[in-house]
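Observations on the three-dimensional arrangement
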Amino acid sequence: MGKNHKVIIATRGSKLALYQAEYVRSRLKERSPDIEIELKKIKTTGDKILDTPLAKIGGKGLFVKEIEEALLRKDVDLAVHSMKDIPIDLPPGLCLAAICEREDPRDAFIGQKSENVAAGFSLPFKDLPHGASIGTSSLRRSCQLLNLRPDLRIIQLRGNIDTRVRKLDEGQFDGIVVAVAGLKRLGMSHRITQILEPHISIPAIGQGAIGIECRIDDELINNLIAPLNHEETSICISAERAFLRRLEGGCQVPIAAYARIVKKSGSSLLSRHSLLVIDGLVGSISGDRIIKGRVEGNLEEAESLGVRLAEDLISRGAGKILREIYFRR
């Protein structure tokens, strides 16, 4: 890439989005120190509407649509997204050129500090009092928590991570649930009361991974981005997204999937001896019905494994649950 070429990265304006865009910029600068890279903040529909639950706004791509429009207009050269925000179907002319190495994909519970707990520590999730209030805007999270604790009061909580933690500290909730990855990236790991393992809360599709989107026909930018792709993460995300595609689901429904590569001792992670394991879930909004499944297979079968898992859940009633959710809207 020429010395005078300027690359413009589109990003949302939140602290976390800017962190992710800065991360991509620094990775690109490491490889091509001479290029000039500018960040362009774009406000999306999801950023503008903060007083309505995401599931009620409807539509897909709430946090990417305006950014993708800027890419198609050639106002920007590439876009940096949280993978969990990217719809399964991209607009014609755009592609996911790279998926960066995944941070911890799990959910984190942050509890209200309690005077009854030594040194002001927070109560873990399992010790919350009957009827405790939990802040989250995610139907995926709420359905899994309600399945374990039907007594909980789920209260809608929108906004960036700083806003959510501030509202917790103001006493509006007994606890909140957010992504571990976001807390780590913003230097807020110390606020985690408890990491919710997948048997408690299966993560969102793509949670913890950063996706880089650009125009298919922009060979220069595609070549620039390609080295940032992390193969292990890409394999796992492709399996999770194939699962979501088969279920015809969006970001704002109670669907979850978590894929990871398990290696046999003595072999590398991407060897033919490794296994791809995927856990998936579809649940009702109230959490009274949850259908879970697991499949495993070879790495080169990533997408077909995701489809197989979805079809297993459909055969056990997942399709009926999803139809009921869509009918209610």
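Everything in this summary refers to the structure shown in the same document.

Observations concerning the nonpolar core
Ranked by size, the top nonpolar core spans 28 residues in total, and within it Phe243, Leu247, Ile255, Leu276, Ile278 and Val282 carry the most contacts. Broken down by secondary-structure element, the contributors of at least two residues to this core are α9 (231–247), β11 (255–262), β12 (275–283), β13 (290–297), α10 (302–315) and α11 (318–328). In terms of residue count, α9 provides more of this core than any other element does, six residues in total. Ignoring sequence-local partners within four residues, the contact set of isoleucine 255 consists of Arg140, Ile205, Phe243, Leu244, Leu247, Gly249, Leu281, Val282 and Leu322. In this structure, Ile9, Ala21, Cys95 and Leu224 belong to the second largest nonpolar core, which totals 21 residues.

Quick look at helix α5 (residues 139–148)
Side chains that are three or four residues apart share a direction in an α-helix, a result of its 3.6 residues per turn. Among the ten residues in α5, eight count as buried, and that is most of the element. Of all the positions in α5, only Leu139, Arg140, Arg141, Ser142, Cys143, Gln144, Leu145 and Leu146 are classed as buried. Where α5 starts, the residue carrying a side-chain oxygen 3.3 Å from the main-chain nitrogen of arginine 140 turns out to be serine 138.

Digging into the side chain of arginine 149
Residue placement: arginine 149 occurs in the loop between α5 and β7 (153–155). Side-chain polar atoms of arginine 149 contact the backbone oxygen of leucine 128, separated by 3.1 Å. Of note is the side chain of arginine 149, whose polar atom sits 3.2 Å from the backbone oxygen of proline 129. Beyond its immediate sequence surroundings of up to four residues, arginine 149 is in contact with Phe125, Lys126, Leu128, Pro129 and His130.

Observations concerning the sheet that holds β7
Pairing is mixed across the open sheet formed by five strands, whose spatial order is β7-β6-β8-β5-β9. The sheet is open, and its two edges are formed by β7 and β9 (194–196), each paired on a single side. The mean inter-strand angle of the sheet, taken between neighbouring strand axes irrespective of direction, is 30°. Sheet analysis places strand β5 (residues 107–111) next to β9, joined by three bridges and oriented antiparallel. Each residue of the ladder has a partner; that of alanine 108, found in β9, is isoleucine 195. The sheet contacts of α5 involve β5, β6 (133–135), β7, β8 (175–179) and β9, and relative to β8 the element is tilted by about 130°.

Parameters and conventions
- Residues numbered from 1 in each chain as written.
- Predicted model: local features only at pLDDT ≥ 70, side-chain atom pairs only at ≥ 80, totals over all residues.
- Heavy atoms only, no water.
- Core = buried A, V, L, I, M, F, W, Y, C linked by side-chain atoms within 4.5 Å.
- Buried < 20%, exposed > 50% of the residue type's maximum accessible area, 1.4 Å probe, protein only.
- Helix = DSSP H or I, 4+ residues; strand = E, 2+ residues; numbered from the N terminus.
- Contact = heavy atoms within 4.5 Å.
- Polar contact = N/O pair within 3.5 Å; in protein donor to acceptor, adjacent residues only side chain to side chain.
- Pairing = 2+ DSSP bridges.
- Axes fitted to C-alpha atoms, helices over the stretch in contact; angles between N-to-C directions.

In short, the description is geometric, and any link to function would need to be established separately.
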